[in-house]
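Next come the chains, spelled out residue by residue.
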Amino acid sequence: MAFGQPRIEYKTNAQMRTMHEAGLVLSRALDAAVAAALPGKTTRDLDAVFAAVLREAGATSNFLGYQGFPATVCTSVNEEVVHGIPGDRVLQDGDIISIDGGAIVDGWHSDSARTVIVGTADPEDVRLSDVTESAMWHGIAALATGKFVGDIGSAVDDYVSSVPGKPLGILEDYVGHGIGSEMHMAPDVLNYRTSHRGPRIRPGLCLAIEPMLVRGSIDTAVLDDDWTVVTTDGKRSCQWEHSVAVHEKGIWVLSAPDGGAAGLVPLGVVPVPIP
């Protein structure tokens, strides 16, 4: 602790390369889970598919057993915002589901989430997911160009506020985080603009950037399972997330096979592999 603030863990290039290995396994596991998100499947089915990919790769889950969490992914459907527990819920045509998971390789963590619409898509759900994903990329781009961690939240907020059409809400109670030798570490990564600049961005910093947007009120509640977070108005929600590393030459999205090029190059940022 320094001046009452949690210590930030700065990684070496070798450690960040191992985190990228974990991120590649995670990306494949999410590919499989997203492909399995079909009408008639249960959220437990998605968990099993995801777990099988980790097992085959020799990686371990950082979700399973975390503070008692009973599964390898969070499956948050419709009004469920985050931390949904996989179970017997059967996916229906038109559901929107966020799948959030992680992997550990040689003690180093990755964390990523994607949203998929099951079967027939409501155009407003498509808009919600597209804006959330784009907001994530704007936040990641700000990590490359900004000076302080708070610049990420400002970029996310500015982008979401600029989107034409009905306003979308940015959750404030749940935010991104540092990542490395543990899944959740300092600093917090806000998804909205505040006067707090946060720590300075410098090489070795690794962050999980994860905006969560809703179609209605940002007010949430936790269900009786002590995990699942839902919107209090029952409106639909969405989450996208990537783990990202800052190094001497630039940034690299650890949980993307292309390092984030597809999402970042259109925003004027070219990701650079970790030396």
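Residues numbered from 1 in each chain as written. Predicted model: local features only at pLDDT ≥ 70, side-chain atom pairs only at ≥ 80, totals over all residues. Heavy atoms only, no water.

> Got a sec to walk through the pattern of salt bridges? Specific residues and values, please.
Summed over the entire model, instances satisfying the criterion amount to ten salt bridges. Residues D88 and R44 are paired through a salt bridge, measuring 2.3 Å at the closest nitrogen-oxygen approach. Placement of D88 in the loop between β2 (80-82) and β3 (96-105) and of R44 in helix α2 (residues 43-57) is noted, with a sequence separation of 44 residues between them. Residue D88 is classed as exposed on the basis of its relative accessible area of 59%. Across the pair R215 and D125 runs a salt bridge, and its minimum N-O distance is 2.7 Å. One end of the pair, R215, is in the loop between β9 (212-214) and β10 (220-222); the other, D125, is in helix α3 (residues 123-145), with 90 residues separating them in the sequence. Salt bridges here are not isolated pairs; linked through shared partners, they connect D122, D125, R215 and R236. (Salt bridge = Lys/Arg side-chain N within 4 Å of Asp/Glu carboxyl O. Helix = DSSP H or I, 4+ residues; strand = E, 2+ residues; numbered from the N terminus. Buried < 20%, exposed > 50% of the residue type's maximum accessible area, 1.4 Å probe, protein only.)

> So what about the sheet that holds β10? Which residues, and what values?
Strands sit in the order β2-β11-β10 across an open sheet of three strands; the sheet is antiparallel. Each of the sheet's edge strands pairs with one partner strand only, and the pair in question is β2 and β10. Pairwise comparison of adjacent strand axes, ignoring direction, gives a mean angle of 40° for this sheet. By the bridge criterion, three bridges tie β10 to strand β11 (residues 229-231) in an arrangement that is antiparallel. Residue V222 lies in a different strand from β11, and its bridge partner there is V229. (Pairing = 2+ DSSP bridges. Axes fitted to C-alpha atoms, helices over the stretch in contact; angles between N-to-C directions.)

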